[in-house]
2 protein chains.
Amino acid sequence: MNADYINPFLVSTVNVFQQMLALELVREAPFIRKEFAPQYEVTGMIGLTGKTTGTVAVSLPCDMALAITEKLLGERPPEVNAQVVDAIGEMTNMIAGAAKAKLEHLQFNLGLPTVILGCSTRIAFPSRATPISIPFRSSLGPLIVEVGILA
Amino acid sequence: MNADYINPFLVSTVNVFQQMLALELVREAPFIRKEFAPQYEVTGMIGLTGKTTGTVAVSLPCDMALAITEKLLGERPPEVNAQVVDAIGEMTNMIAGAAKAKLEHLQFNLGLPTVILGCSTRIAFPSRATPISIPFRSSLGPLIVEVGILA
C-alpha cells in the first residue's frame, strides 16, 4: 500500500476527535500488520470505492466506545447498544469523510459504516491490501485506525 | 430496507455456490435481524456504493470456510490462514458482483472485501439500515447472507 495514503487518515482522526469530542489524541508509530491480531472490542468499518478500493477500521475498547457515545449524546448508555453502534459508525464515517477530502484524486465514495463487536475478533484484509495500523492514545483510552487500500 | 433488494442476493448466492463450488444451497426463510446475534466464525464483508450504500456479509462456520477453500485451491489449509481469507473474500466479492448486475439501476461499485474472524463476533448495522438475513443449508454446512442497504 502507498504510504502517502496514510497521512490523510492520521490527520483526519486527530481532527475529528478534537472537533467532535474535544479529545486530544497522541499518535504512536504506525506499523504494518501481517498477523491476524485481535482488535479492541468495538470496531467501526467503512468501505471506500473510487479509482481504487479500500477499507478503514477504527478499533477501540468498549469503555471508550461508551465514553464517546456519552460525549456525543450527553448520556452514557448502560451497555453497547444501537446508540453506541450508530455513534461509532458515524465517527468512522467522519474520519473516512475527512480523509477522502484530502485524497481527492482517488475520487472515493464512502460505503455504509458497520460496527464489529466481540472481544477476540480479528479483522483480516485481502493479501493484496495489507493494512497499515496507526495506534493512538487518549485520556479516554487507546484506539487503532487501520487502513487497507489497493496499491 | 426495500425487500426487492433481497432477491438478487439470494439468487446470486445460489448461483455462485453452484458454479464456483458445485454445491447446492437450500434456502431457508429470510428474516429481519434486530438483535446483535453472533455470526458464524468466518464472515466475508463487502461495501456497496452507488445511488445508495449498503453492506453484504456472508457468514459461515470455520469448517465450511476450510472446505470451500479446499474446493477452490485443491488443498485443505491446516487452519484459517491468508488463503482462507482470500478465498472467502473472493466468494463474497462474486456474490456481491452477481447481485450488483441484477440491481443495475443502483449503479453499485464494490469495495474491498474484508473477512471478520472470531467465534462470538457480532456485526452491527446502522439503525437506519436494518439488515435482512438469508439462511442457507448445504452438504458442507450452513451459511447466512446478510444484506443491509439504505432505503
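Anything mentioned here points back to the structure above.
Residues numbered from 1 in each chain as written. Chains lettered and ligands numbered in written order. Predicted model: local features only at pLDDT ≥ 70, side-chain atom pairs only at ≥ 80, totals over all residues. Heavy atoms only, no water.

## Structural notes on the overall build of chain A
Here is step 1: When you go through chain A residue by residue, the secondary structure sums to three helices and nine strands.
Here is step 2: Reading the secondary structure of chain A in the N-to-C direction produces α-β-β-β-β-α-α-β-β-β-β-β.
Here is step 3: Radius of gyration (C-alpha) of chain A: 14 Å, near the 15 Å computed for a compact globule of 151 residues.
Here is step 4: Overall size of chain A, expressed as C-alpha extent along the three principal axes, is 40 × 30 × 30 Å.
Here is step 5: Within chain A, the fraction of its 151 residues that count as buried is 57%.
Here is step 6: Taking contacts inside chain A between residues at least 6 apart in sequence as the whole, the part at least 24 apart equals 68%. (Helix = DSSP H or I, 4+ residues; strand = E, 2+ residues; numbered from the N terminus. Rg over C-alpha atoms; globule rule 2.2 N^0.38 Å. Buried < 20%, exposed > 50% of the residue type's maximum accessible area, 1.4 Å probe, protein only. Contact = heavy atoms within 4.5 Å.)

## Regarding the environment of Asp86 of chain B
Here is step 1: Structurally, Asp86 of chain B can be placed in helix H3 (residues 82-102).
Here is step 2: Residues Asp86 of chain B and Gly44 of chain B lie 42 residues apart in sequence; the distance between their C-alpha atoms is 9.5 Å.
Here is step 3: Apart from residues no more than four positions distant in its own chain, Asp86 of chain B is found in contact with Pro126 and Ser127 of chain A.

## Here's the deal with the relation of the copies chain B and chain A
Here is step 1: Overlay of chain B on chain A (RMSD 0.0 Å): rotation 180°, translation along the axis 0.0 Å. On the angle and the small slide along the axis, the relation comes out as a two-fold axis. Taking the C-alpha atom as reference, chain B places Gly47 of chain B closest to the rotation axis, 2.6 Å from it.
Here is step 2: Counting the interface residues of chain B, we find that 100% of their copies in chain A are interface residues as well, pointing to one common contact surface. (Least-squares fit on C-alpha atoms with pLDDT ≥ 70 in both.)

## Some remarks on H3 of chain B
Residue and element names in this part refer to chain B.
Here is step 1: Here H3 contains 21 residues, and its C-alpha end-to-end distance of 30 Å stays within 8% of the 30 Å for a straight helix at 1.5 Å per residue.
Here is step 2: What H3 keeps buried is the set Val84, Val85, Ala87, Ile88, Gly89, Met91, Thr92, Ile95, Ala96 and Ala99.
Here is step 3: Capping the start of H3, Asn81 holds a side-chain oxygen 3.0 Å from the backbone nitrogen of Gln83, two or three residues further along. (Expected span 1.5 Å × (residues − 1). Polar contact = N/O pair within 3.5 Å; in protein donor to acceptor, adjacent residues only side chain to side chain.)

## A closer look at the pattern of salt bridges
Here is step 1: For the structure on display, the rule yields eight salt bridges over all chains.
Here is step 2: In this structure, the salt-bridge partner of Glu28 of chain A is Arg137 of chain A, at a minimum N-O distance of 2.6 Å. Taken together, the residues span a long stretch of sequence, with Glu28 of chain A in the loop between strand S1 (26-27) and strand S2 (31-32) and Arg137 of chain A in strand S8 (residues 132-137) at a distance of 109 residues.
Here is step 3: In this structure Arg137 of chain A comes out as partly exposed when scored by relative accessible area, which is 45%.
Here is step 4: Among the salt bridges present, the one from Glu146 of chain B reaches Arg33 of chain B, with a minimum N-O distance of 2.4 Å. (Salt bridge = Lys/Arg side-chain N within 4 Å of Asp/Glu carboxyl O.)

## As for the pairing of strand S4 (residues 53-60) of chain B
Residue and element names in this part refer to chain B.
Here is step 1: Burial runs high along S4: eight of the eight residues are buried.
Here is step 2: Side-chain alternation along S4 places Thr53, Thr55, Ala57 and Ser59 on one buried face and Gly54, Val56, Val58 and Leu60 on a second face that is also buried.
Here is step 3: Both strand S3 (residues 42-49) and S4 contribute to a ladder of eight bridges, which runs antiparallel. From the neighbouring strand, Gly47 faces S4, where its bridge partner is Thr55.
Here is step 4: Following S3, the chain reverses through three residues before pairing antiparallel with S4.
Here is step 5: When S4 meets strand S9 (residues 143-149), the two strands line up antiparallel, connected through six bridges. Looking at the pairing, Ser59 lines up with Ile144 of S9. (Pairing = 2+ DSSP bridges.)

## Examining the environment of Ile132 of chain B
Here is step 1: In this structure, Ile132 of chain B sits in strand S8 (residues 132-137).
Here is step 2: Sequence separation between Ile132 of chain B and Leu73 of chain B is 59 residues, and the spatial gap between their C-alpha atoms is 31 Å.

## Overview of the interface of chain B and chain A
Here is step 1: Across the contact, 34 residues belong to chain B and 34 residues belong to chain A.
Here is step 2: Summing both sides of the interface, chain B and chain A together bury roughly 2,600 Å²; the carbon and sulfur share of this comes to 62%.
Here is step 3: Viewed at the interface, chain A and chain B are joined by zero salt bridges.
Here is step 4: For the pair chain B and chain A, the number of links is eight residue pairs in polar contact (both at pLDDT 80 or more).
Here is step 5: Put simply, the parts of the chain that give the side of chain B that touches chain A at least two residues each are S3, S4, H3, strand S5 (109-110), strand S6 (114-117) and strand S7 (122-124) of chain B. (Buried area = accessible area lost by both parts, 1.4 Å probe.)

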